[in-house]
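Structure assessment
Residue-level listing of the chains:
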Amino acid sequence: IEQWMRVLAIQRAVGNWDSYGWDRGKNDYFFKPATGLFQHMPWDIDYSLGLGRPADEPLFASNDPRVLAMFNTPAIVRAYWRSIKELANGILSSENLDPFIDSRVDALVANGVTVDMDAVAMVKNYIWERQGYLISELNRVDVPFTITSGAAFSSSSNLAIITGTAPVNIRSILLNGVVYPVTWTTATNFSLRVVLYPGLNQYL
């Protein structure tokens, strides 16, 4: 799922609507390597970087009910948000991407290729605007890690349900140093079912 969501996120980030998971169920392969899980591999990414959808195109529209089901599954959509966050805070920044673009332009010019600098400026402007839009959308799921059920309480049952919020970049929650099964109830809310023993139970 992490790998699939990274692919869907990059397609959204560059505005390529002509792809699986968006308005078309095509231009992507799914393959099963000899060992391991199915992998999602895109190709034909051409309606992008200003030639596709505008910089403020929403992140969740799709005409595929299976993709919408994934987007409506909190544990899966958290992986999608993580990928969006990685893109917005990483490669899509001007500091990272402009030198890469400029080096390619310089290489083409040095080899006698005519470059449309207006098109280059359009691409850079799209990336800058898209990054800003992604960051504004990420603000909707920007929550602190908190325990909402209380840090200390007593129970007459041997089962406690701990609830809280967690930012999307958190993949796992540890309880006393062990990765613990979590139910994600929304993109930012979780619950833990913890078995209690008689007396004082301490969890970190």
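Everything here concerns the structure above.
First things first, this report covers the structure right here in the doc. Everything numeric here is computed off the predicted structure, so don't read it as measured data. Every chain's residues receive numbers from 1 upward, in the order its sequence appears when written. The predicted origin of the model limits local features to residues at a pLDDT of at least 70 and limits the giving and counting of side-chain atom pairs to 80 or more, whereas totals for whole chains, interfaces and linings rest on all residues. The basis for the side-chain values is all heavy atoms of the structure; hydrogens and waters are excluded.

A look at the sheet that holds strand β3 (residues 146-147)
Spatial ordering of the open sheet is given by β3-β4-β8-β7, a layout of 4 strands whose pairing is antiparallel. Looking at which strands have only one partner, the edges of the open sheet turn out to be β3 and β7 (183-184). Pairs of strands are assigned from DSSP output, requiring at least two bridges between the strands. Numbering of helices and strands runs from the N terminus, with a helix taken as a DSSP run of H or I at least four residues long and a strand as a DSSP run of E at least two residues long. Relative to strand β8 (residues 189-195), strand β4 (residues 159-165) runs antiparallel, the two sharing 7 bridges. By the bridge assignment, T165 is partnered in β8 with N189.

Describing the packing of helix α4 (residues 94-110) against helix α5 (residues 117-138)
Here, axes are lines fitted to C-alpha atoms. For helices the fit covers the stretch in contact, and angles between N-to-C directions go from 0 to 180 degrees. Where α4 meets α5, the closest approach of the two axes is 11 Å, and the angle between their N-to-C directions is 165°. On the basis of their axis angle, the class for α4 and α5 is roughly antiparallel. Once α4 is placed against α5, the crossing between them reads as right-handed. Taking contact as the criterion, the partners of S94, L97, D98, I101, D102 and V105 in α4 are, on α5, M117, V120, V123, K124, I127 and W128. Roughly parallel here means an angle under 35 degrees, roughly antiparallel means over 145, roughly perpendicular means 65 to 115, and every remaining angle is called oblique. Crossing handedness is defined as follows: a turn of the near helix away from the far one that is anticlockwise and smaller than a right angle gives a left-handed crossing, while the clockwise case is right-handed. Note on contacts: a residue pair qualifies if any of its non-hydrogen atoms lie within 4.5 Å across the two residues.

Re helix α3 (residues 74-89)
One less than the number of residues in a helix, times 1.5 Å, gives the span that helix is expected to have. If you check α3, its first and last C-alpha atoms are 22 Å apart, about what 16 residues at 1.5 Å a residue would give, namely 22 Å. The buried fraction of α3 is high, at 12 of 16 residues. Each residue is assigned to one of three classes by its accessible area relative to the maximum for its type, calculated with a 1.4 Å probe on protein chains only: buried under 20%, partly exposed between the two thresholds, exposed over 50%. All of the buried residues in α3 are P74, I76, V77, R78, A79, Y80, W81, R82, S83, I84, L87 and A88.

Quick word on the pattern of salt bridges
The working definition used for a salt bridge is a side-chain nitrogen of Lys or Arg within 4 Å of a carboxyl oxygen of Asp or Glu. Enumeration over the complete set of coordinates arrives at 7 salt bridges. Salt-bridge contacts for E57 lead to R53; the nearest nitrogen and oxygen are separated by 3.1 Å. Here R140 and E137 are joined by a salt bridge, their closest N and O atoms 3.3 Å apart. Overall, E137 belongs to the buried group, its relative accessible area being 16%. Connected via shared salt-bridge partners are E2, R82 and R171.

Section: the environment of R193
Its place among the elements puts R193 in strand β8. For R193 and A160, which are 33 residues apart along the polypeptide, the C-alpha to C-alpha distance reads 5.8 Å. Leaving out residues up to four positions away in the same chain, R193 has contacts with L159, A160, I161 and Y180.

Section: unusual backbone geometry
The phi torsion at D44 lies on the positive side, around 60°, for a residue other than glycine. Tracing the chain through its elements places D44 in the loop between β2 (39-42) and α2 (65-71). The exposure class of D44 is partly exposed, given its relative accessible area of 29%. A positive phi angle, close to 55°, is found at N176, a residue other than glycine.

A look at helix α1 (residues 2-14)
Counted at 1.5 Å a residue, the expected span for α1 with its 13 residues is 18 Å, and the 19 Å between its end C-alpha atoms agrees. Along α1, the residues that are buried comprise M5, V7, L8, A9, Q11, R12, A13 and V14. Buried residues in α1 make contact with β1 (28-31), β2, α2, α3 and α5. Directly beyond the C-terminal end of α1, a positive phi value near 80° is found at G15.

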